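Chain and residue survey
This is what each chain is made of:
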Amino acid sequence: VRSCCGSRTRTRTRMWKLRTAEEGREVKPEGGMPLRTLCGLAGRQVWEYVEQINKGEEDQGIAHDKARTEYVRKRKELGVRHSADELMRVQQCGPGYKEVVRVKPKGKSKANTKSPVDGADLDRGVLGGLQFYEQLQMDDGHWPGDYGGPMFLMPGLIITCYVTETMETVLGPHRKREMVRYLKNQQNPDGGYGLHIEGHSTMFGTVLTYVSMRLLGMDADDTECVRARKWILIHGGATMIPSWGKFWLSVLGVFEWDGLNPVPPEVWLLPYSGKTGIGYMHPGRFWCHCRMVYLPMSYIYGARIVGKITPLVKKMREELFLNPYEKVDWNKARNECAKEDLYYPHPVVQDALWWTLYKLENLLLPNRPLAFLRRKALKETLRHITYEDE
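Predicted model only: the values in this text are computed from it and were never measured.

**Regarding the overall build of the protein chain**
When you go through the protein chain residue by residue, the secondary structure sums to 15 helices and 4 strands. Buried residues in the protein chain amount to 41% of all 390 residues. Considering only contacts in the protein chain between residues 6 or more positions apart, those separated by 24 or more positions represent 69%. For the protein chain, the accessible surface area stands at approximately 22,900 Å², while carbon and sulfur atoms represent 57% of it.

**Notes on the pattern of salt bridges**
Tallied over the entire structure, the rule returns 16 salt bridges. Residue E319 pairs with R214 through a salt bridge whose shortest N-O separation is 3.0 Å. Of this pair, E319 sits in helix α12 (residues 311-319) while R214 is found in helix α8 (residues 203-215), placing the two residues 105 residues apart along the sequence. Comparing E319 with R214 shows no difference in burial state: the two are buried. Between R374 and E266 there is a salt bridge, with the nearest N and O atoms lying 2.5 Å from each other. Here R374, found in helix α15 (residues 371-389), pairs with E266, found in the loop between α10 (243-252) and α11 (288-303); they are 108 residues apart in sequence, far enough to count as distant. Both residues of the pair, R374 and E266, belong to the buried class.

**Quick word on unusual backbone geometry**
Backbone geometry at A84 places phi at a positive 60°, although glycine is not the residue there. Residue N367 is not a glycine yet carries a positive backbone phi of 65°. Within the fold, N367 resides in the loop between α14 (348-364) and α15.

**Quick look at the nonpolar core**
With 44 residues, the main nonpolar core has V211, L215, L252, L320 and F321 as its most contacted residues. Of all the secondary-structure elements, those providing two or more residues to this core are α6 (154-163), α7 (167-185), α8, α9 (223-234), α10, α12 and α13 (330-333). Looking at this core, the element that brings in the most residues is α8, giving 8 residues. Apart from residues no more than four positions distant in its own chain, L252 is found in contact with I159, Y162, V163, V211, L215, K308, V313 and M316. Core analysis: the second largest hydrophobic core is formed by 9 residues, M88, C93, Y97 and M138 among them.

**A closer look at the side chain of S212**
Inspection of the secondary structure puts S212 in helix α8. What makes S212 buried here is its relative accessible area of 0%. With near-sequence residues (within four places) excluded, S212 lies in contact with P155, I158 and L183.

**What about the pairing of strand β1 (residues 15-20)?**
Counting buried positions along β1 gives 6 out of 6 residues, so the element sits mostly inside the fold. Side-chain alternation along β1 places M15, K17 and R19 on one buried face and W16, L18 and T20 on a second face that is also buried. Taken together, the 6 bridges between β1 and strand β2 (residues 45-50) define a ladder with antiparallel strand orientation. When the bridges of β2 are listed, W16 appears paired with Y49.

**Observations regarding the packing of aromatic side chains**
A complete count under the given rule lists 13 aromatic pairs for this structure. Considering the side-chain rings of W244 and Y294, the 6.4 Å spacing of their centres and the 65° angle between planes classify their relative orientation as edge-to-face. Taken together, the residues span a long stretch of sequence, with W244 in helix α10 and Y294 in helix α11 at a distance of 50 residues. Exposure remark for W244: the relative accessible area of 31% places this residue in the partly exposed category.

**Observations concerning the packing of helix α1 (residues 58-77) against α7**
As a packed pair, α1 and α7 sit with axes 11 Å apart at the nearest point and diverge in direction by 25°. In terms of orientation, α1 and α7 fall into the roughly parallel class. Two secondary-structure elements touch here, α1 through R68, Y71, V72 and R75 and α7 through E178, R181 and N185. Of the residues contributing to the contact of α1 with α7, the split by class is 2 nonpolar, 1 polar and 4 charged.

Cut-offs applied
- Residues numbered from 1 in each chain as written.
- Predicted model: local features only at pLDDT ≥ 70, side-chain atom pairs only at ≥ 80, totals over all residues.
- Heavy atoms only, no water.
- Helix = DSSP H or I, 4+ residues; strand = E, 2+ residues; numbered from the N terminus.
- Buried < 20%, exposed > 50% of the residue type's maximum accessible area, 1.4 Å probe, protein only.
- Contact = heavy atoms within 4.5 Å.
- Areas by Shrake-Rupley, 256 points an atom, 1.4 Å probe, with all protein chains shown as cover.
- Salt bridge = Lys/Arg side-chain N within 4 Å of Asp/Glu carboxyl O.
- Core = buried A, V, L, I, M, F, W, Y, C linked by side-chain atoms within 4.5 Å.
- Pairing = 2+ DSSP bridges.
- Phe/Tyr/Trp six-rings, centres within 6.5 Å; stacked < 30°, edge-to-face > 60°.
- Axes fitted to C-alpha atoms, helices over the stretch in contact; angles between N-to-C directions.
- Parallel < 35°, antiparallel > 145°, perpendicular 65-115°, else oblique.
- Nonpolar A, V, L, I, M, F, W, Y, C, P; charged D, E, K, R; others polar.

So, in structure tokens, the structure goes:
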């Protein structure tokens, strides 16, 4: 590409594109397994890295770069945290999409008075809004949108990929690079990360994000990692992370299962019928989101699944705690929680229940008296997981 004065400018051949509905069937993440679904990918959104953009899409590529630069500026100078789906809107509606819905009052006086908007202006505004959302709608009828905000979802995906050794096949270099870009952009001024992108720094958000950056290839001496690690250690170290964080770190091998309050799969063996009274405590009666979180968690906890202890995992053991890893009091760590993460302290009854379950857990481990009950519980839990998946 040459500028109007004849000098050479950088040729743009790569860009992220949103694939959805019918064409999404062909998407393969960097040579990995193709996406599978029972609903024909209806409502499914996939960002695909395109090495060679089509003719006529150069303006979109330039607009993408401009949107990224502008986001970083607004994030630092104005505190704007959300991307507002800029890349998707540029792709669907064109680089000048904001002009479609903008109503420009005629004359200066109208903009500075409290008089009603002119009827023609109102009509143009309503029509512009309809045209805007019409352009955003996908062929299968749904409207795509960024599920941005929570800072604890991506770390789970990254840890899972690392433990299952599928980082390159599932994520690939391009997605890993964009994940790093995203995490760098969301760091708070104090070096920490929040529960969500607009939240104050928490141990939960900061530790999981730090671990994610390290697993994605960032060095411990990188500026963002240094600042995040400093925040973690000043606030008590990784033992102060809440229970979900303790769970993910245990799966990775950066925490011990003994430092986590029990998530016993045996509760799935309770009778479901309400006639027994105790059936009302069956987790199958939990709210769907709660049930679908603790179902796989209880299986993983009961099986004490831990990923391979790699050199990187060993390094993070050294980086995240105030004391040497071998000297951490895991029993004490069960109930530790940073004040930034504490919404409601444990009542005495709950602590007593945790203590009881913690002591009983030793009887359920392999080669212990109640090991048969744990095996039965894991089998039942896996049956539920398989049913939910299928």
